[in-house]
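Each chain is listed here by its residues.
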Amino acid sequence: MNLNKRKLGSQGLEVSSIGLGCMPMSQSYGPADERESIATLHGAIELGCNFFDTAENYGPFTNEELLGKAFKGRRDQVVIATKFGSIIENNKIVGFSSRPEHIRKAVEGCLRRLGTEYIDLLYQHRVDPNVPIEEVAGTVGDLVKEGKVKFFGLSEAGTANIRRAHAIHPVSALQSEYSLWERNLEPDVIPVLRELGIGLVTFSPLGRGFLTGDINRAEEYPESDTRHSDPRYQGKNFDANVKAARIVHDIAAIKHVKPGQIALAWLLQKGNDIVPIPGTKHLKHLEENVAAEAIMLDIPQMEALDNALSTGMVSGKRYPDWIMATIDR
Ligand SMILES: NC(=O)c1ccc[n+]([C@@H]2O[C@H](COP(=O)([O-])OP(=O)(O)OC[C@H]3O[C@@H](n4cnc5c(N)ncnc54)[C@H](OP(=O)(O)O)[C@@H]3O)[C@@H](O)[C@H]2O)c1
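Owing to the predicted nature of the structure, the values given are computational and were not obtained by experimental measurement.

**Examining the sheet that holds strand 9 (residues 149–155)**
Sheet strands pair by backbone hydrogen bonding; their relative direction is either parallel or antiparallel. Sheet architecture is open: 8 strands sit in the order 3-4-5-8-9-10-11-12, paired in parallel fashion. Strand pairing shows two members of the sheet lacking a second neighbour, strand 3 (20–21) and strand 12 (274–276), which therefore form its edges. Relative to strand 5 (residues 79–84), strand 4 (residues 51–53) runs parallel, the two being bridged by 3 bridges. Across the sheet, the residue bridging to D53 is A81, located in strand 5.

Encoded structure:
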């Protein structure tokens, strides 16, 4: 099996049509086994999935270290995306900063942990309201000139900051949450990305696992698992969302595939400028996820999915309030 390639932006960045979200290998969704994670990272390369998503604050730090270990001797086979913007002290995230000197220091750490001389795609993880985006874009632009970074990305930035950043240094990709059941990008952000020729990397494309159907209620997860505090997994929201997501299971049954594969196929068909990065620490799940590329949904199926899970049909915010406050809208 070999995944097709997609272009992100117009600066030359090309990646597999489905990437691998590496965050669950270090946090958020229960314990991970290092050996299995490394087998999954190596298996991804075998499957033609060459686009790996990490961040300095996953772990913190340990996710980048894991990728550095796994990709030793294989650097030319992988496209690594990482993110800066957190202040991390004693292995705890204590704040955010995108000040130029902080970005430079963060990038040196990313390069060291990843065991590489360059980062393919460097994202600002969240817009920093205290630092004009022009300074951020200028700093990343300098890092590109120095050969430490190849392409510039933003994450969860709003349209005004996307435009301002792109005017200083071209943005190749925006990474934001977009999935069957999270459509907040459709009215404003996606049209601006298409106007400017910026690619969209969609995080949590499986609705943090909910759309796979392989789920429990929030209280059944330990507090350390993000699903414990995910509003969409809680109480009445959970029940309403199981009902709303029924259509995904129905279409999956008709096509003899898994519900999560329908969620990914829907995203891939929304535009060839979109690259989902489903997160998993299991090779079996990765194999299932990349196989979604071959699934074709017809127009009535696309429309049925569009309508059943559009904004207003899903119960609960996508994040608890304190994380929603970090989103630039
Ligand atoms: N920029 C940002 O602010 C931001 C925010 C969140 C995430 N991200 C990135 O985006 C990536 C994807 O998002 P996400 O991991 O939060 O959510 P996701 O991809 O929607 O869902 C991940 C969850 O789905 C499960 N899963 C994956 N494939 C499965 C399958 N085939 N069958 C059953 N369960 C499956 C995973 O468990 P298993 O491990 O057991 O497979 C995990 O619990 C992250 O890994 C991270 O790299 C970025």
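**Considering helix 10 (residues 283–290)**
Of all the residues in helix 10, the buried ones are L286, N289 and V290. Angularly, the buried residues of helix 10 cover 90 degrees about the axis, an arc narrow enough to put them on a single face. Tucked into the core, helix 10 has its buried residues touching strand 3, helix 1 (34–46) and helix 9 (259–269).

**What about the pattern of salt bridges?**
Counted by the stated rule, this structure contains 24 salt bridges. Between E195 and R163 there is a salt bridge, with its nearest N and O atoms 2.9 Å apart. With E195 in helix 6 (residues 189–196) and R163 in helix 5 (residues 159–168), this residue pair connects regions lying 32 residues apart in the sequence. Using a relative accessible area of 37% as the deciding quantity, one classes R163 as partly exposed.

**Examining the pairing of strand 7 (residues 92–96)**
Remark: a regular strand shows side chains that alternate across the two faces of the sheet. Here strand 6 (residues 86–89) runs beside strand 7; their pairing, made up of 4 bridges, is antiparallel. What sits directly across from I87, in strand 7, is G95. Here strand 6 hands over to strand 7 after 2 residues, with N90 in that stretch at a positive phi of 45 degrees.

**So, the side chain of Q261**
Examined against the element boundaries, Q261 turns out to sit in helix 9. Classification of Q261 as buried rests on a relative accessible area of 8%. The residues contacting Q261, other than those within four sequence positions of it, are E288, A291, A292 and I295.

**Side note on the nonpolar core**
Ranked by size, the top nonpolar core spans 82 residues in total, and within it L20, L41, F52, F71, L154, I162 and L297 carry the most contacts. Not counting the four nearest positions on each side in its chain, L20 is found in contact with M25, T40, L41, A44, C49, F51, F52, D53, I277, P278, T280 and L286.

**Quick notes on the site of the ligand**
Of all residues adjacent to the ligand, which total 32 residues, the nearest are Y29, D53, L206, T280 and H285. Note that an oxygen atom of the ligand is positioned 3.5 Å from one of the backbone N or O atoms of G21. The fraction of the free accessible surface of the ligand (890 Å²) that becomes covered by protein chains is 94%. Of all the elements, helix 10 adds the most residues to the shell around the ligand, at 3 residues.

Rules used in this analysis
- Residues numbered from 1 in each chain as written.
- Predicted model: local features only at pLDDT ≥ 70, side-chain atom pairs only at ≥ 80, totals over all residues.
- Heavy atoms only, no water.
- Pairing = 2+ DSSP bridges.
- Helix = DSSP H or I, 4+ residues; strand = E, 2+ residues; numbered from the N terminus.
- Buried < 20%, exposed > 50% of the residue type's maximum accessible area, 1.4 Å probe, protein only.
- Arc of directions from axis to C-beta.
- Contact = heavy atoms within 4.5 Å.
- Salt bridge = Lys/Arg side-chain N within 4 Å of Asp/Glu carboxyl O.
- Core = buried A, V, L, I, M, F, W, Y, C linked by side-chain atoms within 4.5 Å.
- Near = heavy atom within 4 Å.
- Polar contact = N/O pair within 3.5 Å; in protein donor to acceptor, adjacent residues only side chain to side chain.
- Areas by Shrake-Rupley, 256 points an atom, 1.4 Å probe, with all protein chains shown as cover.

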